[in-house]
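Close look at the chain arrangement
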Amino acid sequence: VQLQASGGGLVQAGGSLRLSCAASGRTSSRLTIAWFRQTPGKEREFVAAIRWPGGSTYYADSVKGRFTISGNNAKNTVFLLMNSLRPEDTAVYYCAADQSIILSSIWESRNYDNWGQGTQVTVSS
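No experiment lies behind these values; they were computed from the predicted model shown. (Residues numbered from 1 in each chain as written. Predicted model: local features only at pLDDT ≥ 70, side-chain atom pairs only at ≥ 80, totals over all residues. Heavy atoms only, no water.)

**Comments concerning the state of the cysteines**
- Under the defined criterion, the tally for this structure stands at one disulfide.
- Put simply, Cys21 and Cys95 are joined by a disulfide, and their sulfur atoms are 2.3 Å apart. Because the sign of the S-S torsion sets the handedness, a value of about 75° for the bond joining Cys21 and Cys95 places this disulfide among the right-handed ones. Here Cys21, found in strand E3 (residues 17–24), pairs with Cys95, found in strand E9 (residues 91–98); they are 74 residues apart in sequence, far enough to count as distant. Exposure class is identical for Cys21 and Cys95. Each is buried. (Disulfide = S-S within 2.5 Å. Helix = DSSP H or I, 4+ residues; strand = E, 2+ residues; numbered from the N terminus. Buried < 20%, exposed > 50% of the residue type's maximum accessible area, 1.4 Å probe, protein only.)

**What about the nonpolar core?**
- One finds Ile33, Trp35, Leu80, Met82 and Tyr93 to be the most contacted residues of the largest nonpolar core, which totals 39 residues.
- For this core, the element with the highest residue contribution is strand E5 (residues 45–52), accounting for six residues. (Core = buried A, V, L, I, M, F, W, Y, C linked by side-chain atoms within 4.5 Å.)

**What to know about unusual backbone geometry**
- Along the chain, Trp52 connects to Pro53 via a cis peptide bond; the corresponding omega equals 5°.
- Positive phi values are uncommon outside glycine, yet Ser84 reaches one of about 50°.

**Regarding the environment of Arg51**
- Inspection of the secondary structure puts Arg51 in strand E5.
- Residue class for Arg51 comes out buried when judged on its relative accessible area of 17%.
- For Arg51 and Asp98, which are 47 residues apart along the polypeptide, the C-alpha to C-alpha distance reads 9.6 Å.
- Not counting residues within four places of it along the chain, the set of residues in contact with Arg51 comprises Leu31, Thr32, Ser56, Tyr58, Ile101, Ile102, Leu103 and Ile106.
- For Arg51, the side chain forms a polar contact with the side chain of Thr32, separated by 3.0 Å. (Contact = heavy atoms within 4.5 Å. Polar contact = N/O pair within 3.5 Å; in protein donor to acceptor, adjacent residues only side chain to side chain.)

Dropping the structure here:
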């Protein structure tokens, strides 16, 4: 699975951005696509994930209620709508995919086989 992330930018605190992750290549009916974020000197942090079949969604506590992950039925595009952005949301955001990851492992970046390039999100105060 090849991934292409886009949609980052500069926004004021309280604003919104929508990130997109376009997936291509062969995918099975079982697929997890997740967003992680990373700031300099820190490990990649789980943000949100969506799993098929079923489209169940999962969020980090820090973004719950502000961010929404969604995907189309073809599983070839996943969106991350980020509302009420805060300066601490500033990071490089990455999308990741895996077709065999178990639910208990979706929170750890090391468990994903496929990664897109990052997209910078900067939230000014």
